[in-house]
Amino acid sequence: MRLALMLRLLLLIGLLALGGAGAAVQGALAYAQATPQVAERRIGPQGGVLQLPGIRVEVPAGALALLVRFRLERLQAVPTSPPQNEVFFIQTLPEREVVGIYRFSSSATNFLKPLTIELKVNPPYQPGGRSFKSAVYLWDGSGYVSIQVPATRESLRLSRLELGLGAGAGGYPAGLVLAVLRAPEENLRRECQARGGRWTGSSCEQR
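Let us look at the structure shown here. Throughout, residues of each chain are indexed from 1 in the direction in which the sequence is written. Reporting in this predicted model follows two pLDDT cut-offs: at least 70 for local features of residues, and 80 or more for side-chain atom pairs to be given and counted; totals over whole chains, interfaces and linings ignore these cut-offs and use all residues. To get the side-chain values, all heavy atoms of the structure are used, and hydrogens and water are removed first.

**Here's the deal with the environment of Pro 150**
Part 1 of the reasoning: In this structure, Pro 150 sits in the loop between strand S8 (144–149) and strand S9 (155–162).
Part 2 of the reasoning: Working definition: with a 1.4 Å probe on protein chains only, accessible area under 20% of the residue-type maximum means buried, over 50% means exposed, and in between means partly exposed. By relative accessible area, which is 39% here, Pro 150 ends up partly exposed.
Part 3 of the reasoning: Residues Pro 150 and Ser 131 lie 19 residues apart in sequence; the distance between their C-alpha atoms is 9.5 Å. Working definition: helices are DSSP H or I runs of at least four residues, strands are E runs of at least two. Numbering for both runs from the N terminus.

Here's what the structure looks like:
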């Protein structure tokens, strides 16, 4: 009888310990998901690659004369700096989807050969589905550039010979911020018209 009671007590302690461990694991996973992903390395004249889910940056051989520090981050939201005025329109839409938000920083501003940035912008295309519009908002330190991407394209490749001063983070002077967003075209058109604009099929023009 005493042995059975001891066994039950040990089982209860074991279950409580497992429950605590499970909660700790869930807490760690939640923290990891909320923490921005970062890739950071030094690249020299031989070239190199920085990569995170949704983005790949290639520094070709010959683009640099010296060793340069680079940092690539996947963020949880559009940074408050730079200002969000240009991306606010699509961010407020119902059913809008954030494909990825990234910041690419560097200790160098100009390059001898263009860097290639490849972004995932859409899932595999399914004909007959709803019409979605994807947009890449690129901040270069002085203003936003908006690039519309067809739903049939899964990725977008950009070339850059220079980065924007003041657009870097973590002590890096130069960089780019790239936000990839998607939304149903009917929602874009409705929101554009509600703001007094004219939807062109790719952008909202003010009347």
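From this point, the narrative continues.
**Overview of the pairing of strand S6 (residues 110–120)**
Part 1 of the reasoning: Pairing between strands is defined by DSSP: at least two bridges between the two strands are required. Bridge count for strand S3 (residues 55–59) against S6 is 4 bridges, and the pairing is antiparallel. Bridge pairing in S6 places Arg 56 opposite Glu 118.
Part 2 of the reasoning: Relative to S9, S6 runs antiparallel, the two sharing 7 bridges. Counted as the bridge partner of Glu 118 is Arg 157 from S9.

**Some remarks on the packing of aromatic side chains**
Part 1 of the reasoning: Stacked, tilted and edge-to-face pairs are distinguished by plane angle, under 30 degrees for stacked and over 60 for edge-to-face with tilted covering the rest, among Phe, Tyr and Trp rings (Trp via its six-membered ring) whose centres lie within 6.5 Å. Counted under the stated rule, the structure contains 2 aromatic pairs.
Part 2 of the reasoning: An angle of 5° between the planes, with centres 5.7 Å apart, marks the rings of Phe 70 and Phe 104 as stacked. Here Phe 70 is found in strand S4 (residues 68–75), whereas its partner Phe 104 is found in strand S5 (residues 97–106), with 34 residues between them in sequence. The pair formed by Phe 70 and Phe 104 is uniform in burial state, with each residue classed as buried.
Part 3 of the reasoning: Definition used: whenever NZ (Lys) or CZ (Arg) falls within 6 Å of the ring centre and also within 35 degrees of the ring normal, the charge is taken to sit over that ring. One Lys or Arg, Arg 69, reaches over the ring of Tyr 172 and ends 4.5 Å from the middle of that ring.

**Focus: the side chain of Glu 185**
Part 1 of the reasoning: With respect to the element layout, Glu 185 can be found in helix H3 (residues 185–194).
Part 2 of the reasoning: Between two residues, a contact is recorded if the distance between any of their heavy atoms is within 4.5 Å. Apart from residues no more than four positions distant in its own chain, Glu 185 is found in contact with Ser 131, Phe 132, Lys 133, Trp 199 and Gly 201.

**Overview of the nonpolar core**
Part 1 of the reasoning: With 31 residues, the main nonpolar core has Ile 55, Phe 70, Leu 72, Ile 117, Leu 119 and Leu 178 as its most contacted residues.
Part 2 of the reasoning: Setting aside its immediate chain neighbours within four residues, Ile 117 contacts Ile 55, Arg 56, Val 57, Leu 156, Arg 157, Leu 158, Arg 160, Leu 176 and Leu 178.
Part 3 of the reasoning: Among buried residues, those of type Ala, Val, Leu, Ile, Met, Phe, Trp, Tyr and Cys that are joined through side-chain atoms within 4.5 Å constitute a nonpolar core. Formed by 10 residues, the second largest nonpolar core is a distinct cluster that contains Leu 75, Ile 101, Trp 139 and Leu 181.

**With respect to the sheet that holds S6**
Part 1 of the reasoning: As summarised here, the arrangement of the 4 strands in space is S2-S3-S6-S9, forming an open sheet in which the pairing is antiparallel. The open sheet has two edge strands, strand S2 (48–52) and S9, and neither has a second partner. Direction aside, the axes of adjacent strands within the sheet are offset by 15° on average.
Part 2 of the reasoning: Examined bridge by bridge, S2 and S3 share 5 bridges and lie antiparallel to one another. Among the inter-strand pairings, Gln 51 is bridged to a residue of S3, identified as Arg 56. Axes here mean lines fitted to C-alpha atoms, for a helix over just the part in contact, with angles spanning 0 to 180 degrees between N-to-C directions.

**Looking at the pairing of strand S7 (residues 132–139)**
Part 1 of the reasoning: Most of S7 sits inside the fold, with 7 of its 8 residues counted as buried.
Part 2 of the reasoning: Connecting S7 to the antiparallel partner S8 that follows it, the hairpin turn spans 4 residues, and Gly 141 within it adopts a positive phi of roughly 100°.

**Details of the pattern of salt bridges**
Part 1 of the reasoning: One side-chain nitrogen of Lys or Arg within 4 Å of one carboxyl oxygen of Asp or Glu is enough to make a salt bridge. Taken as a whole and judged by the stated rule, the model has 5 salt bridges.
Part 2 of the reasoning: A salt bridge links Glu 73 to Arg 71, with the nearest nitrogen and oxygen atoms 3.4 Å apart. Assigned by exposure class, Glu 73 and Arg 71 land together as buried.
Part 3 of the reasoning: Because the salt bridges share partners, they merge into one network encompassing Glu 40, Arg 71 and Glu 73.

**Thoughts on the environment of Leu 138**
Part 1 of the reasoning: Mapped onto the secondary structure, Leu 138 falls in strand S7.
Part 2 of the reasoning: For Leu 138, the residues in contact, after removing those within four places along its chain, are Gly 143, Tyr 144, Val 145, Leu 158, Arg 160, Leu 176, Val 177 and Leu 178.

**What to know about the side chain of Ser 134**
Part 1 of the reasoning: Along the chain, Ser 134 falls in strand S7.
Part 2 of the reasoning: The class of Ser 134 is buried, set by a relative accessible area of 0%.
Part 3 of the reasoning: Nitrogen and oxygen atoms within 3.5 Å of one another constitute a polar contact, given that in protein one can donate a hydrogen and the other can accept it, and given that sequence-neighbouring residues count only through two side-chain atoms. A polar atom in the side chain of Ser 134 sits 3.4 Å from the backbone oxygen of Val 121.

Without other data, these values stay purely geometric and don't point to any function.
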